Amino acid sequence: LVANNFILPQNQKSRSIIIFLLLGAMAVSGAASIKKQLEVTGEYNNPEQEKLFHWIVKMTPRDAVFAGPMPVMANLRLSTGRRIVNHPHYEDAELRHTTKIVYKLFSRKPGEEVYESLRSLGVRYAILDKHWCTATRPVPGCSIPEILGQRGHRERGETDIL
């Protein structure tokens, strides 16, 4: 519309004034929208996680390293400042490999193997989310233990369950 000579006058000064007024109106409208969004006061409410983070701040050394489900790790990093080994907002091949190691926590692998894998990453604290550990999903076969268990069958050369 701004470049259309049939709608706007061909005089450069008039065209500039109209464009300036149009941008000014858009800025006023945009500023009102931003102000309205900033006035929204919603709260994230997860009391269990808040208790966990308070415990972490009080009871663990500042240089402690944590591993666990990526959504929890992002909040843990933000809320406590502690180091984490996996984060959902960063994506590369090494992080995918690290996340696979961390998610052994939710598999059917032997505890010693999981422990050694996490220690190799420098992890001192592992966080388990009970929702990730149970097979109570609406569709059978989609819980983390089921998925990792099936993957473990393939890695051992066994036939998949599904």
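Residues numbered from 1 in each chain as written. Predicted model: local features only at pLDDT ≥ 70, side-chain atom pairs only at ≥ 80, totals over all residues. Heavy atoms only, no water.

The secondary structure content of the chain amounts to seven helices and three strands. Along the chain direction, N to C, the helices and strands of the chain fall in the order α-α-β-α-β-α-α-β-α-α. Across the 162 residues of the chain, 29% fall into the buried class. In the chain, the proportion of contacts linking residues at least 24 apart, taken out of those at least 6 apart, comes to 38%. Only carbon and sulfur atoms are counted for the fraction: they give 59% of the accessible area of the chain, which is about 11,900 Å². (Helix = DSSP H or I, 4+ residues; strand = E, 2+ residues; numbered from the N terminus. Buried < 20%, exposed > 50% of the residue type's maximum accessible area, 1.4 Å probe, protein only. Contact = heavy atoms within 4.5 Å. Areas by Shrake-Rupley, 256 points an atom, 1.4 Å probe, with all protein chains shown as cover.)

It is worth spelling out the side chain of Gln 49 at this point. By the secondary structure assignment, Gln 49 is in helix 2 (residues 47-59). Since its relative accessible area comes to 11%, Gln 49 is described here as buried. Not counting the four nearest positions on each side in its chain, Gln 49 is found in contact with Tyr 44, Val 72 and Asn 75.

A surface patch of nonpolar side chains, about 350 Å² in accessible area, is lined by Ile 17, Phe 20 and Leu 21. Along the polypeptide, Phe 20 turns up in helix 1 (residues 12-38). (Patch = residues over 30% accessible without salt bridge, like charges linked within 9 Å, V, L, I, M, F, W, Y side chains within 5 Å. Salt bridge = Lys/Arg side-chain N within 4 Å of Asp/Glu carboxyl O.)

Core analysis: the biggest nonpolar cluster contains ten residues, these being Val 65, Ala 67, Val 85, Val 102, Tyr 103, Leu 105, Phe 106, Val 114, Leu 118 and Val 123. Contributions of two or more residues to this core are made by strand 1 (65-67) and helix 5 (111-120). (Core = buried A, V, L, I, M, F, W, Y, C linked by side-chain atoms within 4.5 Å.)

Turning our attention to the confidence of the model for the chain. Here the chain shows a mean pLDDT of 79. Residues at 70 or above account for 74%. Of all the helices and strands in the chain, helix 7 (residues 144-155) carries the lowest mean pLDDT, 56, while strand 1 carries the highest, 95. (pLDDT = per-residue confidence, 0-100.)

A complete count under the given rule lists one salt bridge for this structure. Of the charged contacts in the structure, one is a salt bridge between Glu 113 and Lys 104, with a shortest N-O distance of 3.4 Å.

Here His 87 is to be found in the loop between strand 2 (83-84) and helix 4 (93-102). Beyond its immediate chain neighbours, meaning those up to four positions away, His 87 contacts Met 70, Ala 74 and Leu 95.

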